[in-house]
Amino acid sequence: MDGIELFLLGRALMKLGEEALPEPPGGAGQYAGGTRSVVIVAGDIAAHPGTTVGETAQRTGLPQSQVSGAVARLREAGSVETAPDPADRRRTLVRQAPGVSARVAAVRAAGASKVEEALARALGEDGAERLPEVTAALEVLARHLAVRGDQPR
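Here goes a summary of the coordinates provided. Chains are numbered independently. Their residues run from 1 in the order of the written sequence. This being a predicted model, a pLDDT of at least 70 is required before a residue's local features are given, and a value of 80 or more before pairs of side-chain atoms are given or counted; all residues contribute to the totals for chains, interfaces and linings. Computation of side-chain values covers all heavy atoms of the structure but excludes hydrogens and water.

1. Regarding a nonpolar patch on the surface
Quick note on the threshold: Nonpolar side chains (Val, Leu, Ile, Met, Phe, Trp, Tyr) within 5 Å and like charges within 9 Å form the patches, drawn only from residues with over 30% relative accessible area and no salt bridge. The Shrake-Rupley method, run with a 1.4 Å probe sphere, supplies the accessible areas, and residue values consider only the shown protein chains as cover. Throughout this description, the term salt bridge denotes a Lys or Arg side-chain nitrogen within 4 Å of a carboxyl oxygen of Asp or Glu. Helix and strand assignments come from DSSP, with helices taken as H or I runs of at least 4 residues and strands as E runs of at least 2, each series counted from the N terminus.
Together, Met1, Leu6, Leu9 and Leu13 make up an exposed nonpolar region whose accessible area comes to about 400 Å². Here leucine 6 lies in helix H1 (residues 3-20).

Written out as structure tokens, the structure is:
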């Protein structure tokens, strides 16, 4: 596997992840921007508590307006909290909210069944026998590469 193949695999996995997420309350069309940017921003905020929208935009490569929209969605869902920066009241700091929001609980409740449905669609009718192998391979990758909860890589 080379860098291009790895990058394309990552994009394919992102698309599968999006398919496996339950629709947001009020429907997908309620908010501008996609689920992908919200998940990217949430992950960055979890990894960098007390960050700003501008810092998140720099780290993620997303436009600042998209990060602002994602933060607004996350705040509305109860996943993040914002507060003025005590050192510079013009800046707003963003951090992950304590506890699990209702939205995160809903995504987790959808769980593996939604992931397996998305994988089954991607593998097609001829790939049903490969589903357990692909699922196990993804679990190995997640165990070694993904950040879960408050656990760093």
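2. Description of helix H6 (residues 131-145)
This is how it is decided: Working rule for helices: expected span equals 1.5 Å times residues minus one. Residue exposure (1.4 Å probe, protein chains only): buried if accessible area is under 20% of the type maximum, exposed if over 50%, otherwise partly exposed. An arc is given here, and it is the one of the directions from the helix axis to the C-beta atoms.
With 15 residues, H6 should reach 21 Å at 1.5 Å per residue; the first-to-last C-alpha distance of 21 Å fits that figure. Within the span of H6, buried status applies to Leu131, Thr135 and Ala142. Axial view of H6: buried residues confined to an arc of 30°, hence all on one face. Of the residues in H6, the exposed ones pointing more than 90 degrees away from the buried face are Glu133, Arg143, His144 and Leu145.

3. Points about the pattern of salt bridges
For the structure shown, the criterion picks out seven salt bridges. Close ionic contact of arginine 36 with glutamate 18 constitutes a salt bridge, the shortest N to O distance being 2.5 Å. Within this pair, whereas arginine 36 is found in helix H2 (residues 35-47), its partner glutamate 18 is found in helix H1, the two being separated by 18 residues in sequence. By relative accessible area, arginine 36 is classed as partly exposed at 27%. Of the residues examined, glutamate 18 reaches a relative accessible area of 28% and is grouped as partly exposed. A salt bridge links aspartate 88 to arginine 90, with the shortest nitrogen-to-oxygen separation between them at 3.0 Å.

4. Let's talk about the nonpolar core
Selection criterion: Buried residues of nine kinds, namely Ala, Val, Leu, Ile, Met, Phe, Trp, Tyr and Cys, make up a nonpolar core once their side-chain atoms join them within 4.5 Å. Only heavy atoms enter the contact rule, under which two residues are in contact if any of them lie within 4.5 Å.
Judged by nonpolar contacts, Val38, Val41, Ile45, Val53, Ala57, Leu62, Val67, Ala70, Val71, Leu74, Val80 and Val94 together constitute the single largest core of 12 residues. Put simply, the parts of the chain that give this core at least two residues each are H2, helix H3 (53-60) and helix H4 (64-77). Among the elements that line this core, the one with the most residues is H4, at four residues. Non-local contacts of alanine 57, meaning those with residues more than four positions away in its chain, are made with Leu62, Pro63, Gln64 and Val67. Within the second largest apolar cluster, five residues are counted, among which are Leu16, Ala20, Leu119 and Leu131.

By themselves these figures say nothing about function.
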